[in-house]
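These are the residues of each chain, in order.
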Amino acid sequence: MNVARLAQWLQAAGHPVCVVGLPESPLGRALKGTDVPLIPFSRPLKYFDIQSARRLAAHLRQAGCHLCMVTTTHDLHTAALARQLFSRRLVLVYWQQMQLGVRKRGWLHTSIYRSLAAWVAPMPWLRAQVGTHTRMPLERVWVIPLGVDSEGLRETLPETQAKARALLDLPEAGPWVGLIGRIDPKKGQHLLLEAVALLAARWPALRVLLLGDPTIGGDDPGYPERLRARVGALGLTDRVVFRPGRPDVAVGFRALDVFAMCSSGETYGVVTVEAMACGTPIVAAHAGSNPDLLAGGARGLLFAPDDPAALAAAIETVLDDPAGAQARAAAAEAAALGELGKTAMLQQFESLFQRLGL
């Protein structure tokens, strides 16, 4: 979705854009119905696929493409071969989507990275990781946050919290804490349930909204069923509400008094920025991009990852200090509409293109 959004935004800003990939891939499906052309392309090998590199270079020449932005490490070697062997004038940029799990300082990866004119990392901590895990020169690593269309998101924001809860068929009484995202163990819905169970005695009216659809083809297909069973085992049946995913996610954020970002493995929490744009107080695991996005706690509270008691304490702090929570939420909203927004991201990509002579 990040790639599809950027392609459409760049095209709307006047840049001729085409996407190379499989029509039935998630990216291909995301582009269906848009004006962004898709060049069908597949490669059988991850490394040393010279024939695929030749075909890629030919596709890019035919499309008049001077810059190739690669978004997965699986495709990076083929793109590097295309430049090194068949199109030396091609400008190659890697747009990082995931954190680096292992060190990549060997001769093969170093050779690949030498083909890059630039590496785009979404957050400062990821840029620092590039410095420790690779031999990529840091002067060629740009930090450009994944912009969220905060203005567009706010256009769908219900006027009041009561209206948002009515749209979701929720009781108006609260408070409500929730998690918006795929029903998947990596998102941490189970952690939120454990935390709310710890708060049940002091906050008898506290309710939970879990808004999202189960992951299709995920690693743990039994998780949604176990999650519902855990609701009953914790005595939370009357407190927890499941709702299916919906395109107007702003409705969900407006309905909440606290948004809980429980995942400890998110490279970049787009959903966190969406919550920020909607002005919803946030508690988030101290992991991944959350410390940067929330300015170390100035825009939302951070808690120790995978710790229900720490999550419960953070939720309770928000509920006990609504003035402090709103101050942090206001700072978060300003950042989402400014430095973390769509406009700021496009401006930074424009600067990168100019620096690369495009």
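Residues numbered from 1 in each chain as written. Predicted model: local features only at pLDDT ≥ 70, side-chain atom pairs only at ≥ 80, totals over all residues. Heavy atoms only, no water.

## What about unusual backbone geometry?
With an omega dihedral of 10 degrees, the bond running from Gly174 to Pro175 counts as a cis peptide bond. Along the chain, the position of Pro175 falls in the loop between helix 8 (161-167) and strand 7 (176-180). Unusually for a residue other than glycine, Ala295 sits at a positive phi of about 50 degrees. Mapped onto the elements, Ala295 comes out in the loop between helix 13 (290-293) and strand 12 (301-303). By relative accessible area, Ala295 is classed as partly exposed at 38%. (Helix = DSSP H or I, 4+ residues; strand = E, 2+ residues; numbered from the N terminus. Buried < 20%, exposed > 50% of the residue type's maximum accessible area, 1.4 Å probe, protein only.)

## Structural notes on the pattern of salt bridges
Oppositely charged side chains are able to pair whenever their charged atoms sit close together. Evaluation of the coordinates by the stated rule reveals 12 salt bridges. A salt bridge links Glu194 to Arg230, with the shortest nitrogen-to-oxygen separation between them at 2.7 Å. Of this pair, Glu194 sits in helix 9 (residues 189-199) while Arg230 sits in helix 10 (residues 223-233), and the two are 36 residues apart along the sequence. With a relative accessible area of 33%, Arg230 lands in the partly exposed category. Residue Asp320 is joined to Arg202 by a salt bridge in which the shortest nitrogen-to-oxygen separation is 2.9 Å. Of this pair, Asp320 sits in helix 14 (residues 308-320) while Arg202 sits in the loop between helix 9 and strand 8 (207-211); the two residues are 118 residues apart in sequence, bridging distant segments of the chain. For Asp320, a relative accessible area of 44% corresponds to the partly exposed category. Taken together, the shared-partner salt bridges connect Arg202, Glu316 and Asp320 into one network. (Salt bridge = Lys/Arg side-chain N within 4 Å of Asp/Glu carboxyl O.)

## Structural notes on the packing of aromatic side chains
Summed over the entire model, instances satisfying the criterion amount to 5 aromatic pairs. Relative to Trp119, the ring of Tyr113 lies with its centre 5.1 Å away and its plane at 70 degrees, an arrangement referred to as edge-to-face. Take Tyr113 and Trp119: they sit in the same class, and that class is buried. Considering the side-chain rings of Phe349 and Phe353, the 6.0 Å spacing of their centres and the 40 degrees angle between planes classify their relative orientation as tilted. Separated by 4 residues within a single helix, Phe349 and Phe353 lie in helix 16 (residues 342-355), roughly one turn from each other. (Phe/Tyr/Trp six-rings, centres within 6.5 Å; stacked < 30°, edge-to-face > 60°.)

## Focus: the nonpolar core
Generally speaking, nonpolar side chains in soluble globular proteins are found buried as a group. Core analysis: the biggest nonpolar cluster contains 85 residues, and Trp119, Phe259 and Phe349 have the highest contact counts within it. Sort the elements by how many residues they give to this core and helix 12 (residues 270-277) lands first, with 6 residues. Residue contacts for Phe259: discarding those within four places in its chain leaves Gly178, Leu179, Ile180, Phe253, Val271, Thr272, Ala275, Thr280, Pro281, Ile282 and Val283. In this structure, Val177, Trp203, Ala285 and Ala312 belong to the second largest nonpolar core, which totals 33 residues. (Core = buried A, V, L, I, M, F, W, Y, C linked by side-chain atoms within 4.5 Å. Contact = heavy atoms within 4.5 Å.)

## Quick word on the packing of helix 9 against helix 10
Where helix 9 meets helix 10, the axes come as close as 10 Å, and the angle between the chain directions of the two elements is 5 degrees. Taken together, the axes of helix 9 and helix 10 are roughly parallel relative to one another. Each of Gln189, His190, Leu193 and Glu194 in helix 9 lies in contact with helix 10, whose residues at this interface are Tyr223, Leu227, Arg230 and Val231. Class assignment for the residues of the contact of helix 9 with helix 10 results in 4 nonpolar, 2 polar and 2 charged. (Axes fitted to C-alpha atoms, helices over the stretch in contact; angles between N-to-C directions. Parallel < 35°, antiparallel > 145°, perpendicular 65-115°, else oblique. Nonpolar A, V, L, I, M, F, W, Y, C, P; charged D, E, K, R; others polar.)

Read these as layout, nothing more, since geometry by itself doesn't imply function.
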